[in-house]
Amino acid sequence: MRTTATYFAILAGMTAPLTLVSCSPDSPATPPTAVETTVQRQNLQDIQKKYGWVGKYHTDGLAYMYTQLTKGSSRPRSHAELCKIAAKATKEFHKAARRTEIPASLLDPALVGEFCPADTDAGSIRKSIVATIPSAMHPRADMSSAASGLIDQISQLAAMSTSSFAYVSGVQSAEEQAMSLPPDEAGAVVAVGSIALSSLDYWDANLSSWAAIPGIETAYSVSALNMAARTVQSVAAAPSGPRFGHWWQNPYVRGFRRVLGADALAGGRTIYVAWELGPIGWDAAAASALFASGTTAVALLF
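Residues numbered from 1 in each chain as written. Predicted model: local features only at pLDDT ≥ 70, side-chain atom pairs only at ≥ 80, totals over all residues. Heavy atoms only, no water.

(A) Just the state of the cysteines, in detail. Inspection of every chain in the model, using the stated rule, returns one disulfide. The disulfide partner of Cys-83 is Cys-116, and the S-S distance across this bridge is 2.2 Å. Measuring handedness by torsion sign, the sulfur bridge of Cys-83 and Cys-116 sits at about 105 degrees and is right-handed. With a gap of 33 residues between them, Cys-83 in helix α5 (residues 79–98) and Cys-116 in the loop between α6 (109–113) and α7 (145–160) connect regions that are remote in the sequence. Exposure remark for Cys-116: the relative accessible area of 23% places this residue in the partly exposed category. (Disulfide = S-S within 2.5 Å. Helix = DSSP H or I, 4+ residues; strand = E, 2+ residues; numbered from the N terminus. Buried < 20%, exposed > 50% of the residue type's maximum accessible area, 1.4 Å probe, protein only.)

(B) Highlighting the packing of helix α4 (residues 53–69) against helix α13 (residues 282–301). Their axes nearest at 9 Å, the elements α4 and α13 cross at an angle of 45 degrees. As judged from the angle between their axes, α4 and α13 are oblique. Crossing of α4 over α13 shows right-handed handedness. Facing α4, whose interface residues are Trp-53, Val-54, Tyr-57, His-58, Gly-61, Leu-62, Met-65 and Leu-69, α13 presents Trp-282, Asp-283, Ala-286, Ala-287, Ala-289, Leu-290, Ser-293, Gly-294 and Val-298. Classifying every residue of the contact of α4 with α13 gives 12 nonpolar, four polar and one charged. (Axes fitted to C-alpha atoms, helices over the stretch in contact; angles between N-to-C directions. Parallel < 35°, antiparallel > 145°, perpendicular 65-115°, else oblique. Left-handed = near helix turned anticlockwise from the far one by under 90°. Contact = heavy atoms within 4.5 Å. Nonpolar A, V, L, I, M, F, W, Y, C, P; charged D, E, K, R; others polar.)

(C) Fine view of the pattern of salt bridges. Under the definition given, this model contains five salt bridges. Lys-84 serves as the salt-bridge partner of Glu-114, at 3.2 Å between the closest nitrogen and oxygen. With Glu-114 in the loop between α6 and α7 and Lys-84 in helix α5, this pair connects stretches of sequence that are 30 residues apart. Residues Glu-101 and Lys-95 are paired through a salt bridge, measuring 3.0 Å at the closest nitrogen-oxygen approach. Three or more residues joined by partner-sharing salt bridges are found here, namely Lys-84, Lys-91 and Glu-114. (Salt bridge = Lys/Arg side-chain N within 4 Å of Asp/Glu carboxyl O.)

(D) Up close: the side chain of Ser-199. Relative to the assigned elements, Ser-199 resides in helix α9 (residues 183–211). Taking the relative accessible area as the measure of exposure, Ser-199 reaches 0% and is therefore buried. Discounting chain neighbours no more than four positions away, the residues touching Ser-199 are His-58, Leu-260, Asp-263 and Ser-293.

(E) Local environment of the environment of Tyr-57. Inspection of the secondary structure puts Tyr-57 in helix α4. Through-space distance from the C-alpha of Tyr-57 to that of Ile-195 is 8.7 Å; in sequence the pair is 138 residues apart.

(F) Structural view of the nonpolar core. If you look at the biggest cluster of nonpolar residues, it comprises 67 residues, and the most contacted ones within it are Met-143, Ile-154, Tyr-167, Trp-203, Trp-210, Phe-256 and Ile-271. Ranked by residue count, the leading element in this core is α9, at 14 residues. When residues no more than four places from it in sequence are discounted, the contact partners of Ile-271 are Met-143, Ala-188, Ala-191, Val-192, Trp-282 and Ala-285. (Core = buried A, V, L, I, M, F, W, Y, C linked by side-chain atoms within 4.5 Å.)

(G) Structural detail: α9. Taking 1.5 Å per residue, 29 residues should reach 42 Å; α9 reaches 40 Å between its end C-alpha atoms and fits that length. Of all bends in α9, the biggest is about 55 degrees, found at Ala-205. (Expected span 1.5 Å × (residues − 1). Bend = angle between axes of the 7 residues up to and from the residue.)

(H) Fine view of the environment of Asp-201. As for its placement among the helices and strands, Asp-201 is situated in helix α9. Asp-201 sits 37 residues away from Ser-164 along the chain, and the two C-alpha atoms are 10.0 Å apart.

(I) Structural context of unusual backbone geometry. At Arg-99, a residue that is not glycine, the phi angle is positive and equals roughly 60 degrees. Turning to its location among the elements, Arg-99 is positioned in the loop between α5 and α6. With a phi angle near 60 degrees, Glu-114 is a residue other than glycine that sits in the positive phi range.

(J) Region of the structure containing the packing of α5 against α13. Contact geometry of α5 with α13 gives a least axis separation of 10 Å together with a crossing angle of 150 degrees. Between α5 and α13, the interaxial angle falls into the category roughly antiparallel. Crossing hand, α5 versus α13: right-handed. The segment α5 lies against α13, with His-79, Leu-82, Cys-83, Ala-86, Ala-87, Thr-90, Phe-93, His-94 and Arg-98 engaging Asp-283, Ala-287, Leu-290, Phe-291, Thr-295, Val-298 and Ala-299.

Structure representation (structure tokens):
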């Protein structure tokens, strides 16, 4: 019930029957009950169990990609060579983890061809999607604007958040809002949220290790610092401090947060295509996010 003075003044001028109507359970002002809140939380947990595998896939995939990038001699390797290794690692990991090949028709051509992807901004998932739907298939209805809007919201959080705490809170808020959507659309939002949170945890713990990958001999990164001037900062200064301390605001990390946005955006774009084709695209979405994460990191470190 409302508790403002104005509301009580209105109540004072009403008859008892009208007061009962205004306080009825059907009143729009009635807040959710404890039972309703519990049900919503349980629904969220159920959907996270069903679609949260994407986040673990992402973390394990990056760990495998790292081992492949660190193999071999310490000779300098070109950006193209590193992207090729990242693409092969994505394919190998996916086959081992999911026991299937990645649906090639739903992938970024760069992953299929094993070359460096084009640099893309963190725009809406609807702006650069290209749906390769076979003419013989009959796609289901388009994803709702509410669902795609929440996915866009998650992909933009890395650039907009002022702290890692705000980032995590933003992802969780989007997931909670998704509970008002149909279960399959809520699952799409939760899957992208799972990618975003696992990516934050992974890079928080492993950014410094990636900065020291053998063969990446360039000790400076202008793009990682996101600076217009030619002033640069040593990659060796990449911090390894606690996630909820000053790590998020370090100049190096502020630029590197592009990786978090790339992960969520790549996964979201592929899920959008997968939405039209059905479940076949979920594996492609996971692989796309993994490939985007690794190659964006390489681009920033190179």
